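# Descriptive structure summary
In case you want the letters, here they are:
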Amino acid sequence: MSDSLAPYAAIDERSRGRRFPEPPPRFRSEFQRDRDRIIHSNAFRRLVYKTQVFVNHEGDLYRTRITHSLEVAQIGRTVARALNLNETLTEAICLAHDLGHTPFGHAGQDALNECMREFGGFEHNLQSLRVVDELEERYADFSGLNLTFECREGVLKHCSAQNARLLGDVGERFLNRTQPGLEAQLANLADAIAYNNHDVDDGVRAGLLNVEELRQVGVFERCYSAVIAKYPAVPARRQLYETIRRMVDYLVSDLIVHAERNINQAKVDSIDAVRQLAHPLISLSDAVLEEHQELKRFLRSKLYNHPKVREVMDEARATLRKLFEAYLNDPTRLPAEHQLLVSRAEADGGMRARARVVADYVAGMTDRFAFQERERIWSMSSKDTNTSSL
């Protein structure tokens, strides 16, 4: 396989290795092993019930974190193959990039970050690395999934200097202001392309966006006009699907052409040469990037800040805050195994360590489990209040 890859691609045989040495896989590549471990993880399965934009119980056809991750992986694989990068590594990074996301999407992350403010904060990207490095418990020899360095550097898309200093080799680039490998760069941009375009679909399906509003956005208007000119009699839903398909193709095609030009101009001949650059090589052209950002601004204004979305997300934020406070103030509300983790952590690191264990537990919840726990804790609190008043 390595013979067909570009010299600047990530090569299994030249991987910087795993945190804990293991014998090489017999019938798979190292990056295939990474991908398979991610797919079999508990955190990956839980993504099926975690919010993308719309809370899971609002409808069966809206994207969840798992369907989003699959769409990101599809885009990533397409571009990786076109550029002769490592397709399997790209897929693994794409599938793992949201493993640390909270329930209720970015509203959940914001709520948990507020709860953790005095205990070191919370950031879902850093939490994804924590999941694959520490929190998964599937192997006898080590905690976490023991992924390759190349996969881990892709999972950690951004990081503060303060946190980077604590992460060892995978945090060095944030201090040195260098780049990750091209597969990691690609996964990052594939994520942005996927969510921008599928949020258009979900927003229209929910009745929060309409085509006439969307036609104010340049890339949508151009693709939609071409669709209705060619398929005027096709039902509106199919016209929308065809428009979104063309927008994705337009962005992905520009990405491939522009990235190839960047790579050729940089004259890189290895992944180490890529890492030493000050700027990423995987990018959209300036004109297309502006169109992409215009769509992003539109979605932020019209969808993510829509009163109906904000109403649901306000409830979600309140739910996570209540759960965090309840567990932090009374760890006996946690399952027995997490109570043990709290005791061990608190013995070493005090209240800050206790809070981190609670944050790990809350972040791992699905939407529906978070609501179930809220009701359970509310019910227990009501019984305690009634009992004390007797």
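Residues numbered from 1 in each chain as written. Predicted model: local features only at pLDDT ≥ 70, side-chain atom pairs only at ≥ 80, totals over all residues. Heavy atoms only, no water.

This part takes up the overall build of the chain. If you tally the helices and strands in the chain, you get 18 helices and 0 strands. Relative to a compact globule of 390 residues, whose C-alpha radius of gyration would be 21 Å, the chain shows 22 Å and is just as compact. On the principal axes, the C-alpha backbone points of the chain span a range of 75 × 55 × 35 Å. The 390 residues of the chain split such that 53% are buried. Carbon together with sulfur atoms contributes 49% to the accessible area of the chain, which is approximately 18,700 Å² in total. Charge separation in the chain, taken as the distance between the mean sites of 53 positive and 57 negative side-chain charges, equals 1 Å. (Helix = DSSP H or I, 4+ residues; strand = E, 2+ residues; numbered from the N terminus. Rg over C-alpha atoms; globule rule 2.2 N^0.38 Å. Buried < 20%, exposed > 50% of the residue type's maximum accessible area, 1.4 Å probe, protein only. Areas by Shrake-Rupley, 256 points an atom, 1.4 Å probe, with all protein chains shown as cover. Lys, Arg positive; Asp, Glu negative; His and termini not counted. Charge placed at Lys NZ, Arg CZ, Asp CG, Glu CD.)

Moving on to the environment of leucine 135. Structurally, leucine 135 can be placed in helix 6 (residues 124-135). By relative accessible area, which is 31% here, leucine 135 ends up partly exposed. Taking C-alpha positions, leucine 135 is 32 Å from alanine 278, a pair spaced 143 residues apart along the chain. Not counting residues within four places of it along the chain, the set of residues in contact with leucine 135 comprises Gln127, Arg130 and Asp360. (Contact = heavy atoms within 4.5 Å.)

Our next topic: the packing of helix 3 (residues 65-82) against helix 4 (residues 87-96). Following both chains from N to C, one finds helix 3 and helix 4 inclined at 160°, their axes separated by 8 Å at the closest point. As judged from the angle between their axes, helix 3 and helix 4 are roughly antiparallel. The way helix 3 lies across helix 4 gives a crossing that is right-handed. Between helix 3 and helix 4, the residues in contact are Ser69, Leu70, Val72, Ala73, Gly76, Arg77, Ala80 and Arg81 and Glu87, Thr90, Glu91, Cys94 and Leu95, respectively. (Axes fitted to C-alpha atoms, helices over the stretch in contact; angles between N-to-C directions. Parallel < 35°, antiparallel > 145°, perpendicular 65-115°, else oblique. Left-handed = near helix turned anticlockwise from the far one by under 90°.)

The backbone of asparagine 84 sits at a positive phi, close to 60°, despite the residue not being glycine. Secondary-structure assignment places asparagine 84 in the loop between helix 3 and helix 4. The phi angle at lysine 267 is positive, at roughly 55°, despite the residue not being glycine. Among the secondary structure elements, lysine 267 is positioned in the loop between helix 13 (236-266) and helix 14 (271-275).

Taken as a whole and judged by the stated rule, the model has 36 salt bridges. Linking arginine 317 and aspartate 314 is a salt bridge whose minimum nitrogen-to-oxygen distance equals 2.6 Å. Here arginine 317 pairs with aspartate 314, and both are found in helix 16 (residues 307-329), just 3 residues apart, close to one helical turn. Salt bridges sharing common partners tie together Arg28, Arg35, Asp36, Arg77, Arg81, Glu87 and Glu91. (Salt bridge = Lys/Arg side-chain N within 4 Å of Asp/Glu carboxyl O.)

Here threonine 78 shows up in helix 3. Exposure remark for threonine 78: the relative accessible area of 39% places this residue in the partly exposed category. Through-space distance from the C-alpha of threonine 78 to that of isoleucine 256 is 9.3 Å; in sequence the pair is 178 residues apart.

Quick look at the packing of aromatic side chains now. A full pass over the atoms with the stated rule returns 5 aromatic pairs. Feature note: the residues Phe20, Tyr139 and Phe142 constitute an aromatic cluster, connected by ring pairs. Arginine 222 extends its terminal NZ or CZ atom over the ring of tyrosine 250, reaching a point 4.7 Å from the ring centre. The aromatic ring of tyrosine 49 is capped on one face by arginine 368, whose charged end is 3.7 Å from the ring centroid. (Phe/Tyr/Trp six-rings, centres within 6.5 Å; stacked < 30°, edge-to-face > 60°. Lys NZ or Arg CZ within 6 Å of the ring centre and 35° of its normal.)

Relative to the elements of secondary structure, glutamine 109 occurs in helix 5 (residues 105-115). When its relative accessible area of 13% is taken as the criterion, glutamine 109 is described as buried. Setting aside its immediate chain neighbours within four residues, glutamine 109 contacts His101, Thr102, Phe122, Glu123 and His124.

Taking burial as the measure, the 10 residues of helix 1 (residues 30-39) include 8 buried ones, the bulk of the element. Where helix 1 is buried, its residues touch helix 2 (42-46), helix 4 and helix 7 (149-155).

Glancing now at the side chain of histidine 97. Relative to the assigned elements, histidine 97 resides in the loop between helix 4 and helix 5. Since its relative accessible area comes to 3%, histidine 97 is described here as buried. For histidine 97, the side chain forms a polar contact with the side chain of aspartate 191, separated by 3.3 Å. Residue contacts for histidine 97: discarding those within four places in its chain leaves His68, Ser69, Val72, Ser128, Lys157 and Asp191. (Polar contact = N/O pair within 3.5 Å; in protein donor to acceptor, adjacent residues only side chain to side chain.)

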